[in-house]
Amino acid sequence: MFSAYLIHLLILVGIYLILAISLQLAVGFTGLLNLGHIAFYAIGAYISALLALAGWPWWICLLLAGTGAMLSGFLLALPTNKLKGDYLALATLGFTFVIYAITLNWTSLTRGPLGLPGIPKPSLFGFVFSDNFAFLILTAIITTISYFIIKRIVSSPFGKVLEAIRDDELATRVLGKNTFKMKTYALGISAFFAGIAGSLYAHYITFIDPSSFTLLQLIPVIAIVIIGGLASLRGTVIAAIILVLLPEPLRFIGFPSSVVGPARQIIYALLLLLILIYKPKGFYGKVELE
Amino acid sequence: MNKTKIILWIIIIVIIIGGLWYGQGKKAEKESKNKLEVAVIIPLTGPSSPEGEDFLNGLLLAKEKLNPDIIFYIEDSQGKATEGLTAAKKLLDTKNIDIIVSFQSLVSIPLLALADQYNKPLVVTSVAQDEFTQKSKNAFRLFPTARQYASMAAEFANKKGYKNVSILTVHDEYGESVKEQFKKNFKGSIVHQESFEIPERDFRTVLIKISNSEAVFSVGYNIHWVSLFKQREELGKDTIFISNQNMVSQLVRSEIDDLLTNAYAVVPSSTLLSDTTKEFVDEYIKKYGHEPDWVAPFGYDMTFVLDAVQKNGKKPIEALHEIRFEGLNGTISFDENGESNIPLIMIQAKDGSIELVEK
C-alpha cells in the first residue's frame, strides 16, 4: 500500500517526534533551555549500536540506550541545576561538544570519524524488522508509547510542578517542592526518550558517525518545538509532521540540477519564516521562550 | 482549540501527504527500454557542495559530448546520510532506476544497504575507506582507495630516504583511513602525529612542532592547504609536505600558487595535463568559464562508465564487471570486488606549476 519512500519519511517523522516531544518536556514544560538534547540522542545511538554489534538482543540495546542517556541526563543536571536561561543553554551546549569530542576521539570504542557501519536491524522474538514497513510499525508503536508516557507525565501532579518551576521556580520552592530533584527528573526523562530515538535512528540507518550528532542536527528539532508551540504536545506532533514532510514535495517540482539543492532550502526557509511571522508563538504555544 | 483550526491542520497535513503520494504514487513507466536510468545522489549544498558541483559539471559535460542513452535524476544529499537516503528512496520508488551513483562515505555507506535491498549497483566516488567494496557485490568504486594513496606516499618517503616523518591529518574518515595506511607502510620513524578538526585554520603551533622532521605526511582539504602554506611562509619554514590532490587543487593553486614549494602530492593521473586531459580542460572551460578541479574528471569518467554499461546490454552489475576503456583517470575497469584500481602518480608543485615525479 505504502511506497518505500513514504514509509521512510514516516519513520523519520516518528524518530523526530520522539526527539521533539522529549525536548518539549525539558524546554516547554520545565523551562530548561537544553541544547544538549542531541548529545543524549548520540549517547543512545552509540550505546545501542555498540551493544548490537557486540551481539546483544535489540530490546536490551534499546532499553540500555534510553537508560544510558537518562543517566547522562542526571549527570548533566547535577552541575547545571542552578543555572537558568542563557547560562543553562551554554552549559548544555558545552555538553553537546563534550559528547561529540568523545565520539570523535575515543576511536578504540567508537571508531572515531570512521563511524560504526553494519548496525543490525532490530529483531524481537526471532522476528527481524528488516522490512521498512515492519520498521515503521515498530517506530509507530514506540512513538505512540513515548507520546502517551510524556502526555501522562505532563498532566500528572509532577507535570504541574514542572510547569510551576518553569513559571516561577522560587515560588515553587517556597511551596515546599524540591525543585532541584524535579528538574533532575525532568532532564533525565527527557534524555531517556532522546536515547530511545537515537537507538531507533542507529538501527534504521545502520551507520552512525560523529557528524550525525552535531549541533546542526539539533536545529530542526528545536524548530519543531518552537513552531509547534512551547508546552504543547499536540503542536509538537503537527510541527514534526509538517517540518519533516514539508521539504519533500519540493523534490517533485523539477528544478534544473544546478539550482535544485539551494532552491529547495530557500523555499523551505521561506515557508518556515512565514509560519513564524503569522504564528509567533508557534501553532499551539502556551508560553513564550524566555 | 476550535474545530476550524483542527480541520485546517488536518487539511494541511492531508495536502502534504497527498502531494507526496501523488508525486511518487505510480511508478513511472521506463522511459525507454534501452535507456539507462541513473540516480545521482551528490552534495549540491553544504560544505562539500564545491566538490559535488565539480563532479556534476564533469558528469554533464561528458553527457553532452556522448549524447548517451542515459537519464540522470540528480538529487542533493547535502552531505548528510538521512538526506541522501531520502533522496535515493524517492528515486527508487518513482523511477525505474538501474544504477545509483553517489559521492562521499557518509552518504554512500548507508546507501549501500539500500542498494542491496533493491539489488541495484551503487557506483561511488570520493569514498576512500578500503573495506567499502568488500561489503557487497553491489558496491563499485571509481576512486583510489586510502591504501593506494597512503602506500604510494609512504613508498615515496622511503625512497627519498626520510627517517623522521611527522603526520598531520584532518580528523575525519578520510584522514584517519590514510593515516593508518601510511603508518603501516612507512619504514622510518614517526616523530610527531597530530590531527586537526575540519574548521581548524591556525596551524602555526603545529608547524613549529613538526619543523624538526624531514617531511610531513599531511591530508587536509583545500582551505587547510591555503592556511598551511601561508603560515609556513609567515614562519619562514621550509617543511616538505607529502599529500594528495587537495594540496594541488585548482582552488589552492589559484590562491597561493607562488607559495606551493616543497610540496609532493599523490594524485590521479587526470591532474596532470596530457593530450586527453587538455581536451577535457578546454571543453570544461568553454562550458563553465573556469578550470575544472580534481573531482570533475571523475564525473566525466563516470558518464563514460554508465555509457559503457548501457551499450553492453547485459544487467548493470554484469556489465560493470565487463567494461574497459581509457578514461581521464587511466584505464577504467572494475575487478571482481568492484574496485577500479585508478592508477596514481606522484607530482611535485614547483615554481607555479606541477610536474611529474614518478608513476
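Residues numbered from 1 in each chain as written. Chains lettered and ligands numbered in written order. Predicted model: local features only at pLDDT ≥ 70, side-chain atom pairs only at ≥ 80, totals over all residues.

1. Digging into the overall build of chain B
Item 1. Along the backbone of chain B there are twelve helices and 14 strands.
Item 2. Over its C-alpha trace chain B gives a radius of gyration of 22 Å, about what one expects of a compact globule, namely 21 Å for 359 residues.
Item 3. Along the three orthogonal principal directions, the C-alpha set of chain B runs to about 70 × 60 × 40 Å.
Item 4. Looking at the 359 residues of chain B, the share that counts as buried comes to 51%. (Helix = DSSP H or I, 4+ residues; strand = E, 2+ residues; numbered from the N terminus. Rg over C-alpha atoms; globule rule 2.2 N^0.38 Å. Buried ≥ 20, exposed ≤ 12 C-beta atoms within 10 Å, placed from the backbone.)

2. Some thoughts on the overall build of chain A
Item 1. A tally of regular secondary structure across chain A gives twelve helices and four strands.
Item 2. For 290 residues, the compact-globule estimate of 2.2 N^0.38 gives 19 Å, and chain A sits close to it at 19 Å.
Item 3. Once the C-alpha set of chain A is aligned to its principal axes, its extents read approximately 55 × 45 × 35 Å.
Item 4. Once local pairs closer than 6 in sequence are excluded, the contacts in chain A between residues at least 24 apart make up 79%. (Contact = placed C-beta atoms within 7 Å.)

3. Focus: the pairing of strand β7 (residues 189-196) of chain B
Residues and elements named next belong to chain B.
Item 1. One ladder, built from seven bridges, connects strand β6 (residues 164-170) with β7; its direction is parallel. Across the sheet, L168 pairs through a bridge with E194, a residue of β7.
Item 2. Handedness of the crossover joining β6 and β7 through helix α6 (residues 173-185) is recorded here as right-handed. (Pairing = 2+ DSSP bridges. Right-handed = clockwise from strand over helix to strand, strands pointing away.)

4. Considerations on the sheet that holds strand β5 (residues 139-141) of chain B
Residue and element names in this part refer to chain B.
Item 1. Spatial strand order, β2-β1-β3-β4-β5: five strands in an open sheet with parallel pairing. Every interior strand has two partners, whereas the edge strands, β2 (70-76) and β5, have only one. Put simply, the sheet's adjacent strands are angled 25° from each other on average, direction ignored.
Item 2. By the bridge criterion, seven bridges tie strand β1 (residues 36-42) to β2 in an arrangement that is parallel. In the strand pairing of β2, I41 is matched with E75.
Item 3. Its contacts with the sheet put helix α3 (residues 81-94) on β1, β2 and β3 (99-103), and the angle it makes with β1 is roughly 165°. (Axes fitted to C-alpha atoms, helices over the stretch in contact; angles between N-to-C directions.)

5. Quick notes on the nonpolar core
Item 1. If you look at the biggest cluster of nonpolar residues, it comprises 198 residues, and the most contacted ones within it are Y16(A), A240(A) and A39(B).
Item 2. Of all the elements, helix α1 (residues 4-29) of chain A adds the most residues to this core, at 20 residues.
Item 3. Here this core gathers at least three residues from each of two domains, domain 1 (36-145 + 277-343) and domain 2 (147-269 + 345-358) of chain B.
Item 4. In this view, A240(A) contacts V13(A), Y16(A), L17(A), A20(A) and I224(A); residues no more than four positions away in its chain are not counted. (Core = buried A, V, L, I, M, F, W, Y, C linked by C-beta atoms within 7 Å. Domains from an automatic or database assignment.)

6. Regarding the packing of α3(B) against helix α4 (residues 105-118) of chain B
All names here are of chain B.
Item 1. Where α3 contacts α4, the axes come no closer than 8 Å and their chain directions differ by 30°. In terms of orientation, α3 lies roughly parallel with respect to α4. Crossing of α3 over α4 shows right-handed handedness. Judged by residue contacts, A81, G84, L85, A88, K89 and L92 of α3 engage L106, V107, P110, L111, L114 and Y118 from α4.
Item 2. Here the contact of α3 with α4 is composed, by residue class, of ten nonpolar, one polar and one charged. (Parallel < 35°, antiparallel > 145°, perpendicular 65-115°, else oblique. Left-handed = near helix turned anticlockwise from the far one by under 90°. Nonpolar A, V, L, I, M, F, W, Y, C, P; charged D, E, K, R; others polar.)

7. Section: the sheet that holds β7(B)
All names here are of chain B.
Item 1. Spatial strand order, β7-β6-β8-β9-β10-β13-β14: seven strands in an open sheet with mixed pairing. Edge positions in the open sheet fall to β7 and β14 (353-358), since each of these has one partner strand only. Neighbour-to-neighbour, the strand axes of this sheet turn through a mean angle of 25°, independent of strand direction.
Item 2. Against the sheet, α6 engages β6, β7 and β8 (215-219), with an angle of about 160° to β6.

8. Description of the domain arrangement of chain B
Residues and elements named next belong to chain B.
Item 1. Segmenting chain B into domains produces domain 1 (36-145 + 277-343) and domain 2 (147-269 + 345-358).
Item 2. Inter-centroid distance (C-alpha atoms) of domain 1 to domain 2 is 27 Å.
Item 3. Contact residues are listed per partner, giving 15 residues for domain 1 and 14 residues for domain 2.
Item 4. Broken down by class, the residue content of the side of domain 1 that touches domain 2 amounts to seven nonpolar, five polar and three charged.

9. Describing unusual backbone geometry
Glycine aside, a negative phi is what most residues show, and trans is what most peptide bonds show.
Item 1. One non-glycine residue, T206(A), lies in positive phi territory at about 70°.
Item 2. Looking at where T206(A) falls in the secondary structure, it is placed in the loop between α9 (179-205) and β4 (207-208).
Item 3. The backbone phi angle of Q104(B) is positive, close to 80°, even though this residue is not glycine.

10. Describing α1(A)
All names here are of chain A.
Item 1. Its 26 residues give α1 an end-to-end C-alpha distance of 36 Å, which sits within 8% of 38 Å, the value for a rise of 1.5 Å per residue.
Item 2. The largest bend along α1 reaches roughly 30° and is located at L23.
Item 3. Burial of α1 is extensive: 25 of the 26 residues sit out of reach of the surface.
Item 4. Of the residues one or two after α1, G31 is the one with positive phi, at around 80°. (Expected span 1.5 Å × (residues − 1). Bend = angle between axes of the 7 residues up to and from the residue.)

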